[in-house]
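Chain and residue survey
Letter by letter, the chains look like this.
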2 protein chains.
Amino acid sequence: MLKSNDPGLKSWVHVPKGSDFPIQNLPFGIFKTKYLSPVAGVAIGDYVVDLVYLHENSYLDGLGLPAGIFNQKYLNDFFALGKKKVRDVRERLSELLRDSNDEMNKAAREIALIHMDEVQMMMPVKVQNYSDFYSSEEHATNVGSMFRDPKNALLPNWKHIPVGYHGRASSIVVSGTAIHRPKGQIKSPDQELPTFSASKKLDFELEVAFITCGETKLGESISTKAADDFIVGFVLFNDWSARDIQQWEYVPLGPFLAKNFASTISPWVVTMDALEPFRVEGPQQVPQVLPYLAFEGKKNFDIVLEVALKPEGSEETVVCRSNFKYMYWNVNQQLAHHTVNGCNIQVADMYASGTISGPSPGSYGSMLELSWNGQKPLQMPDGTERIFINDGDTVVMRGHAERDGVRIGFGNCKGKILPATH
Amino acid sequence: MLKSNDPGLKSWVHVPKGSDFPIQNLPFGIFKTKYLSPVAGVAIGDYVVDLVYLHENSYLDGLGLPAGIFNQKYLNDFFALGKKKVRDVRERLSELLRDSNDEMNKAAREIALIHMDEVQMMMPVKVQNYSDFYSSEEHATNVGSMFRDPKNALLPNWKHIPVGYHGRASSIVVSGTAIHRPKGQIKSPDQELPTFSASKKLDFELEVAFITCGETKLGESISTKAADDFIVGFVLFNDWSARDIQQWEYVPLGPFLAKNFASTISPWVVTMDALEPFRVEGPQQVPQVLPYLAFEGKKNFDIVLEVALKPEGSEETVVCRSNFKYMYWNVNQQLAHHTVNGCNIQVADMYASGTISGPSPGSYGSMLELSWNGQKPLQMPDGTERIFINDGDTVVMRGHAERDGVRIGFGNCKGKILPATH
């Protein structure tokens, strides 16, 4: 076990009970303040630690970090240093922030720590390439049951291939960014011709995405074993989806405008290192996978996930409680599959899991499944009902792993839906 | 008409008859030599004009160009200056290279011009986002006839939507890059289970891609009229495709590993300005398109395209002669559609047309169509036959527009297939 993951560790930074960011987490992000341009930071308790300050004041000496590595708009160059270097920085930060450590005096601590109320979180990386998988058996089964045949809900390739497709990198935005309802072509089966309008079936999809810290050359593949070295960490991912646009456009080349108007991520990259203690076995894979998809060890993660929906001017209500451990295909298999044909990966690529639905109706990761395509409207605390998302609604995703009194959380992945533009 | 397009213009640079690069073209690219790191250049005749030299020696003064704008690995920052600035540079280069111009003395000319034999062409841009359309009616009809119903070959959405999907930006490579045959899961309909092997049905797809020079914010749309301001130029695009991998993986989310192992582009960005004289009407669109897809003026381009196949150690043979003018959906419609939902575009995005097939069998833009799914093998000059592409084969795409003795060409888009890696 990494020393940084020791449940006994305490920090000299006060960490409120229930915080997503104890000293065992230390996720990386990009923040700005009224006085600071975007720079890299690490979350602890209610504070962000300014990594530029630590670096410039010799607290990170001996790690071989390039000058200015944290004084950047994105973590791309930092992640490009590789998984071991990122780990070294996290271990050093763990040491520096430990209650037994007095390297930083009171003045230094006051300068280095900025309260979260005073920062604005930015996109942690400039996303190079974005792919989305479809790796939850329950989600694929639910969709297949609703739109195809409940008895043959899963398509023939699903248990052989971690099915995935390419998405749009430019429209991935950070938590807190408001999203305009998309417009597009819509044609319900009973209409003869398509019409152009704002989507009437706007949905969320609860996902977790991993971010890469290495690159390969064209023609190279990454084994399921080597995949761990290329995955630096995770964020929550809301793959907003316009179901009516999707239905009309997606045959034969897949979803396009139904998805690429926006995706929202949580701002903190929770490292795979911080999540090591929460590895669990995934579902048994039957039939046996092809050799290039075989793997050893625990490759799923026990991360509790929830989605809350907050109508304008009302309280939020949790509409979905799921878990990342339900994924049939794990991240190592996803990356091995993506590169088995020689497709090259780059630093700061993002790979999302696909909607994470669990076995029970309350664990379904989209409104489509929760309302079972409109048949079971969801009750809101303000007395209204939802089949899909209304203008003014805010969707908040949260996730955390917890054991031995340690809670490794992601913070919020939040987005409010504004009316369509004119 | 732009002065630079005047068919009467001649350059003091010798331009051989049949060259793709007369003074009326002046496409932009990135090149390196034994002595020079990658920098920006412009093609004329058999030469590349070193834009860094011109800029540093005041030949481009008065254009308001930032220092070092051409001393870069990619044209992204140059294109980010916008279409008007790129036009200004091209107009100035046209003036400087004209036979009546004596601003450059013999010594300057000798330094600025580098013979193409001495340069290696690089990727012209770092591709930010890549999408691929499916805009040739003949191609969509051929594919639908082979794999679905010849009487209902086009899917119901095809004449309403410029169907497209997202592709992989990282694996787009420049002409001349050798490509390893991809491996992957394959399952023919008569097999019970998939197997893992090198693709046995490797194909090319003849396409033209446009590159953007502007950006929009999330939520903004680009009209068909405004699209011209965002499109800086075109390259030839080979969308290599592994048909057997594609067949097993593509339902329901579209092609993925069948495409993302590599795409090849020609190195020179031929500007939309240089192609202005070659605008033509496209096919009539029936039924009428929705208002956001309506457009005025000539939005297709008469660009003659061909694909040659060269077996190892043998002569090449032209297997396809097509034309960019056949596209049912034009580039303005593609960009308007892509952004109508608020999807934001970035500088140096690449948008490919989809396979460009014409009405006659010899104009089909893929081996799949040319060999009609294997029923009509193609004869090679060395006596062998082809249904798909063999190891050792080189595929060369070429394209040019020609009128009034002026030929605006793209140069080669070439790639050799190497055996699969072990």
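No experiment lies behind these values; they were computed from the predicted model shown.

Definitions and cut-offs
- Within each chain, residues carry numbers counting from 1 in the order of the written sequence.
- Each chain gets a letter, beginning with A, and each ligand a number, beginning with 1, in the order they are written.
- Reporting in this predicted model follows two pLDDT cut-offs: at least 70 for local features of residues, and 80 or more for side-chain atom pairs to be given and counted; totals over whole chains, interfaces and linings ignore these cut-offs and use all residues.
- Just so you know, side-chain values use all the structure's heavy atoms and leave hydrogens and water out.
- Segments assigned H or I by DSSP are reported as helices when at least four residues long, segments assigned E as strands when at least two residues long, and all are numbered from the N terminus.
- Two things to know: the radius of gyration comes from C-alpha atoms, and the globule rule equals 2.2 Å times the number of residues to the power 0.38.
- Only protein chains enter the accessibility calculation, which uses a 1.4 Å probe. A residue is then buried if its area is under 20% of the maximum for its type, exposed if over 50%, and partly exposed in between.
- Contacts are residue-level and defined by heavy atoms, with any inter-residue pair within 4.5 Å sufficient.
- The Shrake-Rupley method, run with a 1.4 Å probe, gives the accessible areas here. Residue values count only the displayed protein chains as cover.
- For the purpose of charge, His is not counted, nor are the chain termini; Lys and Arg are scored as positive and Asp and Glu as negative.
- Charge placement uses NZ in Lys and CZ in Arg. For Asp and Glu, CG and CD serve respectively.
- Alignment of the copies relies on least squares applied to C-alpha atoms, considering only residues that score at least 70 for pLDDT in both.
- All domain edges in this entry derive from an automatic or database-based domain assignment.
- Defined here as a combined quantity, buried area equals the accessible surface (1.4 Å probe) lost by two parts on assembly, summed across both.
- By definition here, a salt bridge exists when the distance from a side-chain nitrogen of Lys or Arg to a carboxyl oxygen of Asp or Glu is within 4 Å.
- Multiply 1.5 Å by the residue count of a helix minus one, and that product is the helix's expected span.
- Strand pairing is assigned whenever DSSP identifies at least 2 bridges connecting the two strands.
- With axes taken as lines fitted to C-alpha atoms, and helix axes fitted only over the stretch in contact, angles between N-to-C directions fall between 0 and 180 degrees.
- Buried Ala, Val, Leu, Ile, Met, Phe, Trp, Tyr and Cys residues form a nonpolar core when they are joined through side-chain atoms within 4.5 Å.
- Identification of polar contacts relies on pairs of N or O atoms within 3.5 Å, with a donor-acceptor requirement for protein atoms, meaning one able to donate a hydrogen and the other able to accept it, and with residues adjacent in sequence counted only if both atoms are side-chain atoms.
- Here is the rule: rings of Phe, Tyr and Trp (six-membered ring for Trp) pair when centre to centre is within 6.5 Å. Planes less than 30 degrees apart are stacked, more than 60 are edge-to-face, and the remainder are tilted.

1. Thoughts on the overall build of chain A
Looking only at helices and strands, chain A has 10 helices and 27 strands in total. For a compact globule of 422 residues, the expected C-alpha radius of gyration is about 22 Å, and chain A comes in at 21 Å, within 12% of that figure. With the C-alpha coordinates aligned to their principal axes, the bounding extent of chain A is approximately 70 × 55 × 40 Å. For chain A, buried positions account for 63% of its 422 residues. The contacts of chain A with a sequence gap of at least 6 include a subset with a gap of at least 24, amounting to 71%. Accessible surface computed for chain A: about 15,800 Å², of which carbon and sulfur atoms make up 50%. Between the averaged position of the 42 positive side-chain charges in chain A and that of its 49 negative side-chain charges there is a distance of 1 Å.

2. Digging into the relation of the copies chain B and chain A
Superposition record for chain B on chain A: RMSD 0.0 Å, screw rotation 180°, translation along axis 0.0 Å. One copy is carried onto the other by what is essentially a two-fold rotation axis. Using C-alpha coordinates, one finds that chain B approaches the rotation axis most closely at Gly254(B), a distance of 2.3 Å. A shared binding surface is used by both copies, with 100% of the interface residues of chain B retained as interface residues in chain A.

3. Quick notes on the domain arrangement of chain A
Residue and element names in this part refer to chain A. By domain assignment, chain A separates into domain 1 (3-121) and domain 2 (130-418). The partner domain 2 presents 28 residues to the 27 residues of domain 1 that form the contact. Here domain 1 and domain 2 share an interface that buries about 2,100 Å² over both sides, 63% of which is from carbon and sulfur atoms. Of all residues in domain 1, Phe79, Lys83 and Met121 give up the largest surface area on contact with domain 2, accounting jointly for 31% of the area buried on that side. Where domain 1 touches domain 2, the interface holds 2 salt bridges.

4. Section: the pattern of salt bridges
Here the structure, examined in full by the defined rule, presents 47 salt bridges over all chains. In this structure, Glu205(A) engages Lys259(A) in a salt bridge whose closest nitrogen and oxygen atoms are separated by 2.9 Å. Of the two residues, Glu205(A) is situated in the loop between strand E12 (202-203) and strand E13 (206-212) and Lys259(A) in the loop between helix H7 (243-249) and strand E16 (263-265); the sequence distance between them amounts to 54 residues. By relative accessible area, which is 4% here, Glu205(A) ends up buried. Taking the shortest distance from any N to any O, the salt bridge between Lys259(B) and Asp239(B) comes out at 3.0 Å.

5. Things to note about unusual backbone geometry
Residue Pro287(A) follows Val286(A) across a cis peptide bond; omega there is 5°. The backbone of Leu26(A) sits at a positive phi, close to 55°, despite the residue not being glycine. Along the chain, Leu26(A) turns up in the segment before strand E1 (28-32). With relative accessibility at 0%, the residue Leu26(A) sits in the buried group. One non-glycine residue, Trp372(B), lies in the positive phi region at around 45°. Turning to its location among the elements, Trp372(B) is positioned in the loop between helix H10 (367-370) and strand E23 (378-379). A residue is classified by how much of its surface remains accessible, and Trp372(B), at 22% relative accessible area, is partly exposed.

6. Brief notes about helix H3 (residues 83-97) of chain B
The end-to-end C-alpha separation of H3(B) is 21 Å, in line with the 21 Å expected for 15 residues at 1.5 Å each. For H3(B), the complete set of buried residues consists of Lys83(B), Val86(B), Val89(B), Arg90(B), Glu91(B), Arg92(B), Leu93(B), Ser94(B), Leu96(B) and Leu97(B).

7. Some words on the sheet that holds strand E2 (residues 39-44) of chain A
All names here are of chain A. Pairing in this open sheet of 5 strands is antiparallel, and the strands run E4-E3-E2-E1-E5 from one edge to the other. For this open sheet the edge positions go to strand E4 (113-115) and strand E5 (120-122), each flanked by a neighbour on one side alone. In this sheet, neighbouring strand axes are inclined to one another by 50° on average, regardless of whether the strands run parallel or antiparallel. As judged from the 3 bridges shared by E1 and E5, these two strands associate in the antiparallel manner. Residue pairing for E5: Ile30 is matched across the bridge by Met122. The strands touched by helix H3 (residues 83-97) within the sheet are E1, E2 and strand E3 (47-50), with E1 carrying the most contacts at an inclination of about 70°.

8. Remarks on the interface of chain B and chain A
Listed by partner, the interface residues are 58 residues for chain B and 58 residues for chain A. Of the roughly 5,400 Å² buried at the junction of chain B and chain A (both faces included), carbon and sulfur atoms supply 63%. When the buried surface of chain B facing chain A is broken down by residue, His166(B), Leu253(B) and Phe256(B) rank first, second and third, together holding 15% of it. Where chain B touches chain A, the interface holds 2 salt bridges.

9. Examining the nonpolar core
Phe234(A), Leu275(A), Phe324(A), Phe234(B), Leu275(B) and Phe324(B) are the most contacted members of the largest nonpolar core, which has 150 residues in total. Setting aside its immediate chain neighbours within four residues, Phe234(B) contacts Val208(B), Ala209(B), Phe210(B), Trp268(B), Val269(B), Val270(B), Met272(B), Leu275(B), Phe301(B), Phe324(B), Val331(B) and Phe410(B).

10. Observations concerning the environment of Gln379(B)
Residue and element names in this part refer to chain B. On the secondary structure map, Gln379 appears in strand E23. With 60 residues separating them in the primary sequence, Gln379 and Val319 have C-alpha atoms 9.2 Å apart. Setting aside residues no more than four positions away along its own chain, Gln379 makes contact with Thr317, Thr384 and Glu385. Within the structure, Gln379 has its side chain in polar contact with the side chain of Glu385 (distance 3.0 Å).

11. Looking at the pairing of E13(A)
Residue and element names in this part refer to chain A. The buried count for E13 comes to 7 of 7 residues, which makes it a mostly enclosed element. Residue alternation in E13 divides its side chains into two sets, Leu206, Val208, Phe210 and Thr212 and Glu207, Ala209 and Ile211, and both sets are buried. The sheet contact formed by E13 and strand E14 (residues 231-238) spans 7 bridges and is antiparallel. Looking at E14, one finds that Glu207 is bridged to Phe237. Bridge analysis of E13 against strand E22 (residues 350-352) gives 3 bridges, and the strand direction is antiparallel. Of the residues in E22, the one forming a bridge with Ala209 is Ala352.

12. A word on the sheet that holds strand E2 (residues 39-44) of chain B
All names here are of chain B. Across the sheet, which stays open at both edges, the 5 strands sit in the order E4-E3-E2-E1-E5 with antiparallel pairing between neighbours. Each edge of the sheet is formed by a strand with only one pairing partner; in this case those strands are strand E4 (113-115) and strand E5 (120-122). Here the average twist between neighbouring strands, direction ignored, is 50°. Looking at chain direction, strand E3 (residues 47-50) and E4 are connected through 3 bridges and run antiparallel. When the sheet's bridge partners are listed, Tyr47 is paired in E4 with His115. Across the sheet, H3 lies against strand E1 (28-32), E2 and E3, angled at about 70° from E1, the strand it touches most.

13. Quick notes on the packing of aromatic side chains
Residues and elements named next belong to chain A. All chains considered together, the criterion is met by 28 aromatic pairs over all chains. A centroid spacing of 6.0 Å and a plane angle of 70° characterise the contact between Phe234 and Phe324, whose relative ring orientation is edge-to-face. Here Phe324 lies in the loop between strand E21 (317-323) and helix H9 (331-339) and Phe234 lies in strand E14, a separation of 90 residues in the sequence. When its relative accessible area of 1% is taken as the criterion, Phe234 is described as buried. Taking the relative accessible area as the measure of exposure, Phe324 reaches 4% and is therefore buried.

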